[in-house]
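# Geometric and topological summary
Read off the chains here:
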Amino acid sequence: MFKNFGKVFKFTFHNQVAPTGYKLLTFILGIILFLLPAGILVLVSYNANKDKDKKLESCGADKIYVADTITQDADFSLLKTINGDGYDKIEYVTVPSVEDGLQKIKDAGETKSFVLAVTQDDQGTVSAEIVLPDGTDIKPDVAKHFYDAINNQTEMMFVVTAKGISLADMAELTKTSDTDIFNVSGFKKGESLLNDKKIANEQNNQQILQVFNLVITMLVCMIMYFVVMAYGASITKNIVMEKSSKLMDTMLISLKPEAMIFGKLLGVLAAGLMQFFFWIAMLAGGVFAGVILSDKFFPDANAPVIVFLKSLGSMDLFRPVPVILAIIVLIFGILLYASLAAFAGAISSTQEQAASNQGFFVMILVISYMVVMVKGLDPATAPLWINLCPFTAALTLPASLVLGSLSLGTGAAGVGLVVGLSLLLVYFAGQVYKAMALYKGQNLSPKKIFKIMTNK
C-alpha cells in the first residue's frame with residue numbers, strides 16, 4: 001500500500017526545508033526562545049533579590065497622636081517593629097480624642113505629626129483614619145504609607161493592640177505548640193526532617209503547580225492549534241498540486257494513492273515538527289540557563305517561580321512512560337488534523353477549491369479547541385470523554401499524561417483511538433484522492449465516492 005512512499009516523502013520534505021526563509025525563521029526564533037525565558041528568569045530573580053530587604057517608605061511622621069475610642073491604655077509603641085524607613089523612631093502618644101490631638105500639635109508647633117483615629121463598628125471591625133493638621137509638612141500620599149505598613153506587616157498586631165490586649169497577653173496568644181519529624185540519626189543530632197524553608201517551598205510549589213497544570217494544557221492546545229493552522233494549508237496545497245498538471249496519471253500508476261497522500265502529509269509535517277521540536281528544545285534550554293544564572297548571581301533571591309522550577313525533578317512529574325505516550329499522542333494528534341487537511345486536498349481539483357475546502361478541518365479544530373477551553377482546561381477536573389474523543393484528546397491527552405491526572409490504561413486507550421483514527425483518515429483521504437483523480441470533470445456525490453471506494 002505504501003510502495004514508493006519514501007520518494008514522495010523525500011521530495012516533499014526537501015521542498016519544505018530548502019527555502020532560506022524556513023531556515024532563517026527556524027534559527028532566529030530559536031535564539032529568541034532561548035534568550036527570552038533566560039532573561040525573564042534572571043530579571044525575576046534580580047527583582048526578588050532587590051525586594052528581599054526592601055523597607056517600606058516613610059509616612060513622614062516623627063510623632064503620632066492616637067485617639068483610640070476602643071480603649072485608652074493601648075500601647076501603640078509596638079508598631080515600632082514595622083520594618084520601614086523611620087518607623088522604629090516614631091513616638092506614639094495616646095489622646096482622649098482627635099480634637100485633643102490636633103490641639104496638642106498646634107500648641108507644640110509640630111509640622112511632622114498627625115492624629116490617628118481608631119474606632120470600632122458594631123460588628124467589631126477596627127478602623128484607622130489619619131487626620132492631618134493644618135500647616136503640616138506631611139503630604140497625603142506620604143501619610144498613606146502608614147496604611148501600607150499596617151496592611152503589609154502588622155495588621156493583626158494593630159487590631160489586637162487597639163483592643164487593649166497587653167504585650168504579655170499578646171505573647172501568650174502567639175504561642176504555638178512545637179511539632180517536628182526526625183529520622184533516627186537526625187533525632188540524635190537534633191536535625192529535623194522539616195525546616196521552615198522546605199515547608200515554605202512546598203507551599204509555594206503547590207500554589208504554582210495549580211497554575212502550571214493550566215499553563216501546560218493551554219500550551220499544548222496552542223501548539224496543536226497553530227501547528228495545524230500553519231501547516232494544514234500547506235498540506236492541502238501540496239496534495240492538490242499535481243491535479244493541475246499532467247503528472248497525476250503517471251503518479252497513480254507508479255504508486256498507491258495512500259502512499260502519495262501519506263508521503264505528502266508526512267513530508268510537510270516532518271519539516272514542521274523538526275522546526276517545532278527545535279524551538280521547544282531552545283525554550284527548555286533557555287529555562288534551564290535562566291535557573292542556572294539566577295542561582296549563580298542571586299542565590300538567596302528565592303523567587304517563587306525559580307523555587308518551583310528547581311523542584312520539578314522531585315515532584316513526580318514527567319515520568320518516562322507517560323512522557324513517551326504524551327509525545328506519541330502529540331505527534332499523532334497533529335497527524336489527525338493534518339489528515340483532515342489531506343482530505344480537504346483530496347476532494348479539491350483546483351487551488352481555489354482547496355482554499356475553500358480548508359474550512360473543513362479548520363472548523364473541526366476550532367470546535368474542539370473551544371470545547372477544551374470550556375470543559376477540559378484543568379486536567380484534574382476534565383471529564384473522561386474529553387480524553388477519549390480523538391479530536392479533543394489530541395489537545396488534552398499530552399498534558400493529562402505528563403501531569404499524572406490520568407491512569408496509564410485510560411491514557412493508552414486515548415492514544416490508541418487518536419492513532420487509529422489518524423491512520424484511518426489517511427487511508428480514506430487516499431481513496432477519495434484516487435476517486436476524484438480517475439473521475440476528473442465529474443461532480444461526484446458522497447454516495448458515488450463511497451461506491452467507487454468499495455468497488456460497487
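Everything below is about the structure shown above.
The sections below set out a description of the structure shown in this document. Predicted model, so just to flag it, every value in this text is computed and none were measured. (Residues numbered from 1 in each chain as written. Predicted model: local features only at pLDDT ≥ 70, side-chain atom pairs only at ≥ 80, totals over all residues. Heavy atoms only, no water.)

Take the overall build of the protein chain next. Counting secondary structure elements, the protein chain contains 17 helices and 4 strands. Looking at the 456 residues of the protein chain, the share that counts as buried comes to 40%. Counting only contacts in the protein chain whose residues sit at least 6 apart along the sequence, the fraction spanning at least 24 positions is 77%. Accessible area of the protein chain: about 25,000 Å², with a carbon and sulfur share of 62%. (Helix = DSSP H or I, 4+ residues; strand = E, 2+ residues; numbered from the N terminus. Buried < 20%, exposed > 50% of the residue type's maximum accessible area, 1.4 Å probe, protein only. Contact = heavy atoms within 4.5 Å. Areas by Shrake-Rupley, 256 points an atom, 1.4 Å probe, with all protein chains shown as cover.)

Turning to the sheet that holds strand β4 (residues 126-131), a few remarks are in order. Strand order in this open sheet of 4 strands is β2-β1-β3-β4, and the pairing throughout is mixed. A single partner strand is all that each edge strand has here, and the edge strands are β2 (91-95) and β4. Neighbour-to-neighbour, the strand axes of the sheet open up by a mean angle of 25°, direction not taken into account. In this structure, strand β3 (residues 113-120) lies alongside β4, joined through 6 bridges in antiparallel fashion. Bridge assignment links V118 to a residue of β4, and that residue is A128. On the sheet, helix α3 (residues 98-108) packs against β1 (63-68), β2, β3 and β4 and is oriented at approximately 170° with respect to β3. (Pairing = 2+ DSSP bridges. Axes fitted to C-alpha atoms, helices over the stretch in contact; angles between N-to-C directions.)

It is worth spelling out the layout of surface pockets at this point. Roughly 370 Å³ of volume is contained in the second largest pocket. In this structure, the second largest pocket is lined by 15 residues; those nearest its centre are I223, F226, V227, F276 and W279. Of all the elements in the fold, those that place two or more residues in the lining of the second largest pocket are α2 (20-52), α8 (196-241) and α10 (257-297). Counting residues per element, the lining of the second largest pocket draws most heavily on α8, at 7 residues. Of the residues assigned to the lining of the second largest pocket, the class counts are 13 nonpolar, 2 polar and no charged. (1 Å grid on protein atoms, 1.4 Å probe; cavity = no way out; pocket = protein on both sides within 12 Å on 5 of 7 lines; lining within 4 Å. Points joined across faces, edges and corners; volume = space filled by probe spheres on them. Nonpolar A, V, L, I, M, F, W, Y, C, P; charged D, E, K, R; others polar.)

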